[in-house]
Amino acid sequence: MFHDGARRRSVALLTTGVLALPAVAACGASEEGNVPAAAQDLAPTPRDLVANGSTLTWAIDAVPGTLNAYQADADTGTTRVTGAVLPALFTLDDKGRPQANPDYLESAEVVEREPRQVVVYRLNQKAVWSDGREIGAPDFAAQWRALRGKDPAYWTARNAGYDRIAKVERGKDDLEVQVTFDKPYAEWRSLFTPLYPKDVMGTPDSFNDSARTTLKNTAGPFSLKKVDRKSGDITLVRNPRWWGDQPKLDQLVFRKVAPKNRTKALTAGRVDLAQVAPGEAERISLARRDKGAKGPLAHGPGAGRTPADALMSWAVAHGTEQEAAESEQLAREQTREAVVAYAAEQKSLGAYEVRKALEPSFTQLALNGADGPLADERVRRAVARALDRKELAETVLKPLGLPAQPVGSHLALAGQDAYEDASDALGSQDTAEARALLAEAGWKPGQGAARPKNAGASGEPAEGAEGEEAVGNSENEDRPGDDGGEYIVGEDDGKSGGRGGPMLPGAVAAGQGAALWRQADVVARQDGDGKTEQGAHAQQGGPPGAYAPKGTAAPKESESPGAEGAEGAAGPLAKDGLALTLRFVVPSGAGSEQLRAVADKIAEQLEKIGVTTAMKKVPSSGYFTDHVASGQYDMALYSWPGTAYPATDGRPIHAKPVPAADGSLNVAQNYTRVGTDRIDQLFDQAVGELDDGARKKLIKEADARIWAVAGAIPLYQRPELVAARPSVANAGAFGFATPRYQDIGFLKKGAKPGKQDRKPGS
């Protein structure tokens, strides 16, 4: 999780305009893998060129429901506020690496490993809470007791790491805190950030209630002045007791601006900094390009009209057919008004620029393995092997001018130390191999009965489906034959679905499941593990038999009469009288256009292997909770934040689901419902492995095995697009890095942003 305050993996992100091995075993951390795919874009400026004073207004989606970062409903607004007002012992650099924060720490290190791990924190002697009390061991101890998970009176969202601590005590003096672990914890740097005062953590009442609405005692460069839920403003002011570099701003205001209202807020000048969708970013770029241009804009309302269109419109408006003429005259007047309004908005948007990077989060295709066709690992692998992930990444990132490389890891992102592309554990895009896997799983060319329209992943009607409302017409009119927000790709969307011949022989696919596990064990053998999971996996239904070695060619077309080329569309497939149709749930709301474009591309790619996609548009408000989290989908797109602590944060996302006492399935955050005991074991080993090299190997093997089971297919890193006034310094698209709030401000008159060594105290 990226601990810039509290950016954590407690919830998945809805991505709107938000998870052959021998080759993996041989590959190491390349130079390319240690470089972020895109640099941060902040207008970095030395502090002596940033003006003192003034107020900066920063848009957030909503006033946070809680200011306690350790509660379940904490969000990005919580992160922003706590990052500016509370201690962060470790912050992240531009490569997502935890770095000790000298404003609070003189040092922090593991001083003992045996018989128990001991970490000693040496605190900055100037660090005090806003009430004047020094930050010390009582605050650490109170936070440990609240978050360790032993007192149910504390309504905590997580206790990872804190549950491994045996005791927290004062060291040799008041500036030293000694933390002794009951079980080794490699990612101890994730703890105590943010750090709350003991008066918040000391009792369940203050933890559960008081810290939700206000933070009276703080210890950051800013203090919390006011939370105005009516106006939507959260106002921070300089902390008079702050001991570090003084904030450049007098006030920092976080203003509630819903994503759909960002353009309106920008044109009205109500914010100085705001994350925006691709469409808004394009408008800002066009506005800056058009500055000083004369004549009508070449974009916006009416810009797409040809001279022939204009002539026809004039003819109708001045024709003898009175009703048509009046209608056309009204339309022309509305267009003129829209053109004027659009031009005025563009003029206002020209006051901003777009700062862009890649967000520390990635979008994945989730394949629900609970039941239905995707319960068969071979079908999941076939779907994954059919995907051209490079094309999908380019669909999103190329138009924005950002690097469009597919994400190769579930547990780290390009630029981080832990990042290695392990996707070869699954295999690259290969239409012929994907078809062969489906044939091996028993899916043959032919027509079959369709699954019920309101079926869940299993094909049975979902609970409450009868009363489900169709998505509004505005979201569905673009699809022929649309019924209740659902359409079948290749059928009722007017696309041709060519019939192919017989699938390729199953010999190519035979044994691939067992082989993937055999390949995954190469990593274990190299690490001296020597253990193998193949036998257990085969007992769970893995296909037996020989594996076609890497490089074995698929049978030629002549060996399968009537088969189309690998790039041609395959005919529909069926098994036991049922068609191979996968329910693809996508959000319908404004801002989800990018996600739907990716879904359409995926459907086209799956059509080539004979998989029919039933696209189901659902309201964005319930997309995640009602469909993804509840398991009412076959395929879905959503995002996970990246993490600086993969062993801690990766386990709940990829843990094998276990039956709960009431008979339900406890999936934690593994919404694909796909996992293995061995993956769980690797995470458990990694989180307690204090040797960095050994831990990295364990993480690498876990990631390879996650690829092999094909429950979650990482696609691309999400774009981070931020509208900023050009005078805003040291803020924008942060990428991995934790914001340094005391350095944010406005350029001095005549100053230009540029990279330069920071001058403390200036």
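Residues numbered from 1 in each chain as written. Predicted model: local features only at pLDDT ≥ 70, side-chain atom pairs only at ≥ 80, totals over all residues. Heavy atoms only, no water.

Draft legend 1. Broad picture of the packing of helix α8 (residues 307-317) against helix α9 (residues 322-349). One can describe the packing of α8 onto α9 by two numbers: an axis separation of 7 Å at closest approach and a directional angle of 130°. Here α8 is positioned oblique relative to α9, judged by the angle of their axes. Packed against α8, whose contacting residues are A310, S313, W314, V316 and A317, the element α9 presents A324, A325, E328, Q329 and R332 at the interface. (Axes fitted to C-alpha atoms, helices over the stretch in contact; angles between N-to-C directions. Helix = DSSP H or I, 4+ residues; strand = E, 2+ residues; numbered from the N terminus. Parallel < 35°, antiparallel > 145°, perpendicular 65-115°, else oblique. Contact = heavy atoms within 4.5 Å.)

Draft legend 2. Expanded view of the environment of Q632. Mapped onto the fold, Q632 is located in the loop between α17 (620-628) and β19 (635-641). Sequence-wise, Q632 and R583 are 49 residues apart; in three dimensions their C-alpha atoms are separated by 9.0 Å.

Draft legend 3. Main features of the sheet that holds strand β5 (residues 118-123). An order of β4-β5-β7-β6 is seen for the 4 strands of this open sheet, with the pairing classed as antiparallel. Looking at which strands have only one partner, the edges of the open sheet turn out to be β4 (105-112) and β6 (165-170). In this sheet, neighbouring strand axes are inclined to one another by 15° on average, regardless of whether the strands run parallel or antiparallel. The sheet contact formed by β4 and β5 spans 6 bridges and is antiparallel. Looking across to β5, one finds that V110 is bridged to V119. (Pairing = 2+ DSSP bridges.)

Draft legend 4. Quick peek at the confidence of the model for the chain. Per-residue pLDDT for the chain has a mean of 83; in total, 78% of the residues score no lower than 70. The low-confidence segment residues 14-33, where pLDDT is below 50, has 66 contacts with residues more than four positions distant or belonging to other chains. (pLDDT = per-residue confidence, 0-100.)

Draft legend 5. Quick look at the packing of aromatic side chains. For the structure shown, the criterion picks out 20 aromatic pairs. Note on W58 and F734: the rings are 6.1 Å apart at their centroids and 20° apart in plane angle, and the pair reads as stacked. Taken as a pair, W58 in strand β1 (residues 55-60) and F734 in the loop between β23 (728-729) and β24 (745-746) lie far apart in primary sequence, 676 residues in all. For the pair W58 and F734, a shared accessibility class is recorded, and that class is buried. Between Y121 and F192 the ring centres are 6.0 Å apart and the planes differ by 85°, which places this aromatic pair in the edge-to-face class. Placement of the pair is Y121 in strand β5 and F192 in the loop between β7 (176-181) and α4 (198-201), with a sequence separation of 71 residues. Looking at F192, the relative accessible area reads 0%, which means it is buried. Ring pairing ties together the aromatic residues F90, Y121, F140, Y162, W188 and F192, which thus form one cluster. (Phe/Tyr/Trp six-rings, centres within 6.5 Å; stacked < 30°, edge-to-face > 60°. Buried < 20%, exposed > 50% of the residue type's maximum accessible area, 1.4 Å probe, protein only.)

Draft legend 6. Looking closely at α9. Taking 1.5 Å of rise per residue, the 28 residues of α9 would be expected to cover 40 Å, and the 40 Å separating its terminal C-alpha atoms lies within 8% of that figure. For α9, the complete set of buried residues consists of A325, E328, Y342, Q346 and L349. Its buried side turned inward, α9 meets α6 (262-267), α7 (278-289) and α8. (Expected span 1.5 Å × (residues − 1).)

Draft legend 7. View of unusual backbone geometry. The omega angle of the peptide bond from E114 to P115 is 0°, so this bond is cis rather than trans. By the secondary structure assignment, P115 is in the loop between β4 and β5. Across the junction of T193 and P194, the peptide omega takes the value -5°, indicating a cis bond. Located in the positive-phi region is A710, a residue other than glycine, with phi close to 55°. Considering the arrangement of structural elements, one finds A710 in the loop between α20 (692-709) and β22 (712-724).

Draft legend 8. Structural detail: the pattern of salt bridges. Considering all chains together, one arrives at 36 salt bridges under this definition. D233 is paired through a salt bridge with R255; the nearest N and O atoms lie 2.9 Å apart. Of this pair, D233 sits in strand β9 (residues 233-238) while R255 sits in strand β10 (residues 251-256), and the two are 22 residues apart along the sequence. Taking the relative accessible area as the measure of exposure, D233 reaches 15% and is therefore buried. The exposure class assigned to R255 is buried, which follows from its relative accessible area of 16%. The structure contains a network of salt bridges with shared partners spanning R47, D103, D245, R740 and D743. (Salt bridge = Lys/Arg side-chain N within 4 Å of Asp/Glu carboxyl O.)

Draft legend 9. Examining the pairing of strand β8 (residues 222-228) more closely. Inspection of the sheet shows β8 paired to β9 by 6 bridges, in the antiparallel sense. The residue of β9 that forms the bridge with D228 is D233.

Draft legend 10. Seen up close, the nonpolar core. One finds Y121, F192 and L236 to be the most contacted residues of the largest nonpolar core, which totals 83 residues. Contact partners of L236, with chain neighbours within four places excluded, come to V81, A84, V85, F222, S223, L224, K225, D250, Q251, L252 and F254. Membership of the second largest hydrophobic core comes to 79 residues, among which are A382, V383, V396 and L582. (Core = buried A, V, L, I, M, F, W, Y, C linked by side-chain atoms within 4.5 Å.)

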